[in-house]
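A structural walkthrough
Chain by chain, the residues run as shown.
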Amino acid sequence: MKKLCKLILLVSLVMVSGTAFSEMQTLRTADNQMFKAYVAGPEDAKKGVLLIHGWFGLNKGVKAWADNMSKLDGHRVMAIDVFNEKLADNPKDAQALVAEVKQDEANAKYRAALQSLEATDRKLAVIGKSYGGAQALYATLSAPQLVSATVSYYPFGKIPSGKETLMQLSGPVLIEAADKDFAFTPDKAEAFKKAMDEADRELILNVYQAGHGFDQAISKNYDEDVKYAADKSTRDFLTNHLK
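Here's a quick rundown of the structure.

The rules behind each value
- Residues numbered from 1 in each chain as written.
- Predicted model: local features only at pLDDT ≥ 70, side-chain atom pairs only at ≥ 80, totals over all residues.
- Heavy atoms only, no water.
- Helix = DSSP H or I, 4+ residues; strand = E, 2+ residues; numbered from the N terminus.
- Rg over C-alpha atoms; globule rule 2.2 N^0.38 Å.
- Buried < 20%, exposed > 50% of the residue type's maximum accessible area, 1.4 Å probe, protein only.
- Contact = heavy atoms within 4.5 Å.
- Areas by Shrake-Rupley, 256 points an atom, 1.4 Å probe, with all protein chains shown as cover.
- Polar contact = N/O pair within 3.5 Å; in protein donor to acceptor, adjacent residues only side chain to side chain.
- Pairing = 2+ DSSP bridges.
- Expected span 1.5 Å × (residues − 1).
- Core = buried A, V, L, I, M, F, W, Y, C linked by side-chain atoms within 4.5 Å.
- Salt bridge = Lys/Arg side-chain N within 4 Å of Asp/Glu carboxyl O.
- Right-handed = clockwise from strand over helix to strand, strands pointing away.

Attention shifts here to the overall build of the protein chain. Scanning the protein chain from N- to C-terminus turns up 8 helices and 8 strands. Compactness check: the protein chain gives a C-alpha radius of gyration of 18 Å against a globular reference of 18 Å for 243 residues, within 12% of the reference. Along the three orthogonal principal directions, the C-alpha set of the protein chain runs to about 70 × 40 × 35 Å. Here the protein chain holds 243 residues, and 46% of them are scored as buried. Residue pairs at least 24 apart in sequence account for 69% of intrachain contacts in the protein chain once pairs closer than 6 positions are excluded. A total of about 12900 Å² of accessible surface is found on the protein chain, and carbon and sulfur atoms cover 53% of it.

Following this line, the structure appears as structure tokens:
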């Protein structure tokens, strides 16, 4: 009898949480290339977010980020694996993984992921940090008609530029930048702002007195106050543009 009661309880818990869970999924691009994605949050959520991981890959930290966003904000969150199940734990290996990425193939993954996240009356955003911050813009441009807002924290690496390219954006872009960043330097920030102005697209550029990785507890540049300010700015931005 006790075993039966435990079984009934277990089934009940599964049923109750059936619309809000986390799991790894396998997706396919238009040319039938398979890739993995970590998905969390309610299936019927009215807000969806595509997360782009940094240069260490789709690790436990990124999955925790997806879980937190789905729980705190009730979003349907998908964090895709750009590196084909490879992870790095040091800069040298991370650089090697980044070098292996073919942008066209990554864009195909982003497009497939956004199409998978798409649902009736659901608005979508793309968010990334560092390497993922630069890739977030490519992800949005892979299916700009599906994305209502884009957030990039201290982007690292080449980012899309040029009037014709940026004119494809259909929603605003928020960049959470750092004035002491070695990657997205003040001159690069100014150049991107000028390009967005020429494309007549909305850009919110917040520049904090901080360094690259200011919101990462393991970073030497971690700043709790700046993290709070950037995260609040991001949440307000998403609230305004995903309603």
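Quick look at the side chain of serine 130 now. Considering the arrangement of structural elements, one finds serine 130 in the loop between strand E5 (123-129) and helix H5 (131-142). At a separation of 2.9 Å, a polar atom in the side chain of serine 130 contacts the side chain of histidine 212. Setting aside anything within four residues of it in sequence, one finds serine 130 in contact with Tyr153, Tyr154, Pro155, Phe156 and His212.

Turning to the pairing of strand E4 (residues 76-80), a few remarks are in order. Burial within E4 is extensive, with 5 of its 5 residues counted as buried. Because side chains alternate across E4, one face comprises the buried residues Arg76, Met78 and Ile80, and the other comprises Val77 and Ala79, equally buried. Taken together, the 4 bridges between strand E2 (residues 34-42) and E4 define a ladder with antiparallel strand orientation. Its bridge partner being in E4, alanine 37 is matched across the sheet by isoleucine 80.

Positive phi, close to 55°, is recorded for asparagine 84, a residue that is not glycine. Take asparagine 84: it is sitting in the loop between E4 and helix H3 (91-100). Classification of asparagine 84 as partly exposed rests on a relative accessible area of 47%. A positive phi angle, close to 65°, is found at aspartate 121, a residue other than glycine. Mapping aspartate 121 onto the fold places it in the loop between helix H4 (103-117) and E5. Of the residues examined, aspartate 121 reaches a relative accessible area of 63% and is grouped as exposed.

Moving on, we come to helix H8 (residues 224-241). Under the 1.5 Å per step criterion, the end-to-end length of H8 is 26 Å for 18 residues, consistent within 8% with the ideal 26 Å. Against E5, strand E6 (147-153), strand E7 (173-178) and strand E8 (203-208) lie the buried residues of H8. Measuring from the backbone nitrogen of aspartate 225 back to the side-chain oxygen at the start of H8 gives 3.1 Å, which picks out aspartate 223 as the cap.

Turning our eyes to something else, we now look at the nonpolar core. Counting 29 residues, the largest nonpolar core has Leu50, Met78 and Ile80 as its most contacted members. For this core, the secondary structure elements donating two or more residues are E2, strand E3 (47-52), E4, H3, H4, E5 and H5. Sorting elements by how many residues they give to this core places H4 first, with 6 residues. When neighbours within four sequence positions are excluded, methionine 78 is seen to be in contact with Gln25, Leu27, Ala37, Tyr38, Val39, Val49, Leu50, Leu51, Ala113, Ser116 and Leu117.

Let us look at the pattern of salt bridges. Counted under the stated rule, the structure contains 6 salt bridges. Lysine 180 is paired through a salt bridge with aspartate 179; the nearest N and O atoms lie 3.4 Å apart.

Quick look at the side chain of asparagine 107 now. Relative to the assigned elements, asparagine 107 resides in helix H4. In this structure asparagine 107 comes out as buried when scored by relative accessible area, which is 15%. Setting aside residues no more than four positions away along its own chain, asparagine 107 makes contact with Tyr138 and Ser142.

Moving on, we come to the pairing of E3. Of all 6 residues in E3, 5 are buried; the element is thus mostly enclosed. Summarising the sheet, E3 and E5 pair through 6 bridges and their orientation is parallel. Its bridge partner being in E5, glycine 48 is matched across the sheet by leucine 124. Relative to E4, E3 is paired through 5 bridges, and the arrangement is parallel. For valine 49, the partnering residue across the bridge sits in E4 and is valine 77. Taken together, E3, helix H2 (residues 60-73) and E4 form a β-α-β motif whose crossover is right-handed.

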